[in-house]
Amino acid sequence: MNMFDLKCESSSGEEEEETEGGEPSLAAQISRCANVSSADLDELEHNRNESSTVKQTIWAVNCFKAWLREKQLTIDFKTAEKSELNPVLREFYGSIRTSKGELYGISSYVGLRAGLNRFINDPPLNRAWNLMQDAEFRSANNVFKGVVKQMRRSGRDITAHYPPISLEDQHMLKHSTALDPGNPKGLLNKVWYDIQLHFGLRGKEGNRHLQPNAFVLNRDQNGFKYFTMTLNEDMKNLQEREGKKKRKAMYEEPGNPLCPVASLEKYLSKIPADAKALYLQPKRTYFTSDEIWYTAVPLGVNYLSQMLPKICKEAGTRTIYTNHSLRLTSIQRMNETREIMAVCLHSVPVEISTQWQQESVPYSPSSELDSSSAKQESPVSSHSWVKQEPEPEVIQQENMNSEAATDAEQDKSLSSAVATEPPMEGLPSSVVLTITKLQCLLESKQERIDALERQVQDLQEDRKFLRSQIENLTGARLVSVPEVPKASTSVFSEPRSRKRRRKCSSSSSANNESFTDESSSTSSSEESSSVRKKRRHKKKGKRGCVSQRD
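Residues numbered from 1 in each chain as written. Predicted model: local features only at pLDDT ≥ 70, side-chain atom pairs only at ≥ 80, totals over all residues. Heavy atoms only, no water.

Draft legend 1. View of the overall build of the protein. Counting its secondary structure elements, the protein contains 20 helices and five strands. A burial count over the protein gives 29% of its 550 residues as buried. When contacts within the protein are restricted to residue pairs at least 6 apart in sequence, those whose partners lie at least 24 apart make up 68%. Accessible surface for the protein amounts to roughly 36900 Å². Of this, 52% is attributable to carbon and sulfur atoms. (Helix = DSSP H or I, 4+ residues; strand = E, 2+ residues; numbered from the N terminus. Buried < 20%, exposed > 50% of the residue type's maximum accessible area, 1.4 Å probe, protein only. Contact = heavy atoms within 4.5 Å. Areas by Shrake-Rupley, 256 points an atom, 1.4 Å probe, with all protein chains shown as cover.)

Draft legend 2. Seen up close, the packing of aromatic side chains. Considering all chains together, one arrives at 14 aromatic pairs under this definition. A centroid spacing of 6.2 Å and a plane angle of 20° characterise the contact between Phe-64 and Trp-67, whose relative ring orientation is stacked. A residue pair is termed a helical-turn pair when its members lie 3 or 4 positions apart in one helix, as Phe-64 and Trp-67 do in helix 4 (residues 51-71) at three residues. On the accessibility criterion, Phe-64 (1% relative accessible area) is buried. Aromatic pair Tyr-286 and Trp-293: ring centres 5.9 Å apart, planes at 55°, arrangement tilted. Judged by relative accessible area, Tyr-286 falls into the partly exposed class, the value being 33%. For Trp-293, a relative accessible area of 1% puts it in the buried group. The positively charged end of Arg-113 is found above the aromatic ring belonging to Phe-144, 3.9 Å away from the centroid. (Phe/Tyr/Trp six-rings, centres within 6.5 Å; stacked < 30°, edge-to-face > 60°. Lys NZ or Arg CZ within 6 Å of the ring centre and 35° of its normal.)

Draft legend 3. Focus on the nonpolar core. If you look at the biggest cluster of nonpolar residues, it comprises 40 residues, and the most contacted ones within it are Ile-195, Phe-215, Tyr-267 and Tyr-279. Here this core gets eight residues from one element, more than from any other, and that element is helix 9 (residues 184-199). Aside from chain neighbours lying at most four places away, what touches Ile-195 is Gly-200, Leu-201, Phe-215, Leu-264, Leu-278 and Tyr-279. Residues Phe-64, Leu-89, Tyr-104 and Val-147 belong to the second largest nonpolar core, which totals 29 residues. (Core = buried A, V, L, I, M, F, W, Y, C linked by side-chain atoms within 4.5 Å.)

Draft legend 4. Looking closely at helix 9. The end-to-end C-alpha distance of helix 9 is 22 Å, a good match for the 22 Å that 16 residues give at a rise of 1.5 Å each. Taking burial as the measure, the 16 residues of helix 9 include 15 buried ones, the bulk of the element. Of the residues one or two after helix 9, Gly-200 is the one with positive phi, at around 60°. (Expected span 1.5 Å × (residues − 1).)

Draft legend 5. Expanded view of the packing of helix 9 against helix 12 (residues 260-270). Two elements in contact, helix 9 and helix 12, have axes whose closest approach is 9 Å; the angle formed by their N-to-C orientations is 130°. It follows from the interaxial angle that helix 9 and helix 12 lie oblique. The way helix 9 lies across helix 12 gives a crossing that is left-handed. Listed contacts from helix 12 to Leu-187, Leu-188, Lys-190, Val-191, Asp-194, Ile-195 and His-198 of helix 9 are Pro-260, Ser-263, Leu-264, Lys-266 and Tyr-267. For the contact of helix 9 with helix 12, the class distribution of residues is seven nonpolar, two polar and three charged. (Axes fitted to C-alpha atoms, helices over the stretch in contact; angles between N-to-C directions. Parallel < 35°, antiparallel > 145°, perpendicular 65-115°, else oblique. Left-handed = near helix turned anticlockwise from the far one by under 90°. Nonpolar A, V, L, I, M, F, W, Y, C, P; charged D, E, K, R; others polar.)

Draft legend 6. Up close: a nonpolar patch on the surface. Side chains of Val-36, Leu-41 and Leu-44 sit close together on the surface and give an oily, nonpolar patch of about 290 Å² of accessible area. Among the secondary structure elements, Leu-41 is positioned in helix 3 (residues 38-46). (Patch = residues over 30% accessible without salt bridge, like charges linked within 9 Å, V, L, I, M, F, W, Y side chains within 5 Å. Salt bridge = Lys/Arg side-chain N within 4 Å of Asp/Glu carboxyl O.)

Draft legend 7. Region of interest: the pairing of strand 1 (residues 215-219). As defined by bridge partners, strand 1 adjoins strand 2 (residues 225-229) across five bridges and the pair is classed as antiparallel. Counterpart to Phe-215 in the pairing with strand 2 is Met-229. Between strand 1 and strand 2, which follow one another and run antiparallel, lie five residues, and Gly-223 among them has a positive phi close to 90°. (Pairing = 2+ DSSP bridges.)

Draft legend 8. Here's a closer look at helix 5 (residues 82-95). Along its 14 residues, helix 5 runs 20 Å from first to last C-alpha, staying within 8% of the 20 Å computed at 1.5 Å per residue. Of the positions making up helix 5, those classed as buried are Lys-82, Leu-85, Asn-86, Val-88, Leu-89, Phe-92 and Tyr-93. Packing partners of the buried residues in helix 5 comprise helix 4, helix 6 (106-121) and helix 7 (138-153).

Draft legend 9. Spatial organisation of the packing of helix 5 against helix 6. Their axes nearest at 11 Å, the elements helix 5 and helix 6 cross at an angle of 155°. Overall, the two elements helix 5 and helix 6 adopt an arrangement that is roughly antiparallel. Between helix 5 and helix 6 lies a crossing of right-handed hand. When helix 5 is examined against helix 6, the residues Leu-85, Leu-89, Phe-92, Tyr-93 and Gly-94 are found in contact with a partner set consisting of Tyr-109, Arg-113, Leu-116 and Ile-120. Residue classes in the contact of helix 5 with helix 6 are distributed as seven nonpolar, one polar and one charged.

Draft legend 10. Summary view of a positive patch on the surface. A surface patch of like charges, here positive, comprises Lys-145, Lys-149, Arg-152 and Arg-153. By secondary structure assignment, the location of Lys-149 is in helix 7. (Lys, Arg positive; Asp, Glu negative; His and termini not counted. Charge placed at Lys NZ, Arg CZ, Asp CG, Glu CD.)

Draft legend 11. Highlighting the side chain of Lys-190. Mapped onto the secondary structure, Lys-190 falls in helix 9. Those residues in contact with Lys-190, other than ones at most four positions away along the chain, are Leu-179, Pro-181, Leu-258, Cys-259, Pro-260 and Ser-263.

Draft legend 12. Representation of the sheet that holds strand 1 within the structure. Spatially, three strands are ordered 1-2-3 in an open sheet, and the strand pairing comes out antiparallel. Edge positions in the sheet fall to strand 1 and strand 3 (250-251), since each of these pairs with one other strand and no more. With two bridges connecting them, strand 2 and strand 3 associate as antiparallel partners. Considered in strand 3, the bridge of Tyr-226 is made with Tyr-251. The sheet strands contacting helix 12 are strand 1, strand 2 and strand 3, and the helix crosses strand 2 at an angle near 65°.

Draft legend 13. Fine view of the environment of Phe-199. Note that Phe-199 resides in helix 9. By relative accessible area, which is 1% here, Phe-199 ends up buried.

Dropping the structure here:
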């Protein structure tokens, strides 16, 4: 008797023992085989991939078919062999471009090959090929690798990530009319913004599938309200799957008119009771006193995908953000909260002054952003958290004395504040988290202020040095100022005097020439007159001689 027979006999004996009582046992009544139809099996097989994966596969196949039409090629995937498909893929990998005629990014390019591989292996083809590893497609894969290297050389492997929302824009969004809970549209926008910020939902499909019963209202041990999400969203990476159980809740903020819990409660009370979606279209005409503000028509996927850009345009932020930026802001906020709790609650004793205890409720969200007001309101600042930076080399003695006096005053105020601080045991966790976050924000801003003050001191020293240099240069110039004008006048007067001298000399020479001419003319006239007289005398003498001879 083999082992199989022993197992069968033991199982049959157990069944006989179970049915000895005359009545069938509970195990015999329950069937271990469920009735599943072929349609159900096909649906399960079809749903094994994510919707985004299915869309990527369809996109890759459409790109390949469009390329075949442009190249005037035809290929039958059902009957084609690997040797026939390899040269086609080789040319496709090397010549495919975007609609703008540019190279694809590496992620899109890899998605093309992966989509074609899924299309060939999925029903109804079921070719059981591997376009990435089969030896018959080696030459096509070599071309694929060469194109990838070309993309990396051209810088297309650098992914442009979406930026998170800045603190200034967050403050502007929270206090804008776009998130006003007093009207249906503003309340809808605010509920969507708060849910995205606290839970960090992924994608427009996740927002479209939300239902009113996806959130449950709870109370903590101190009686404070908070919402948790019951819908398990599909996680795409390991970090999100590991942190799935640590999903943060959305706590109330007592006394804050923009409390996210109060806004969600108001929104749930204003939607129809039989609503099948969370985000609904507002009514075109409404009154503030109406019990229902929204219709039963859910918002579309495309409208939800453009929620944050519309809110940013209406609020007038400096940057028009996308929904993914809000998700990054949510992740950054959760990480900062974990770091704050890990550092402040475990390694550094949290200190609260009486002023913090008085101003902890009501809570103002603007205190997270206005660091200057927080610095003025909170006299407590832990200098152990501030990084010590080297001070500038050149510091005046007066500044050092004033800094020492201010440090002593701060130490005294710190010691008095620590001595009068009450314990934090009776405060709720949300208030403790807010206080620790504000303290850390205060210390970071204080560190920045100290660095800026040092830079200001350096600039003042540079300014004094430059002023001294300018004074030295101007002093040296003033000493030589009385000589400079004389030199300049003499320089400019020399050619003028020369010109005058030349004019004088020319005029004197002209006068001399005229005088010489006159003298020469007079002398010539005198000579001519004397000559004439002599001639006359000679003529007279000749005439007398002739008369005597006669």
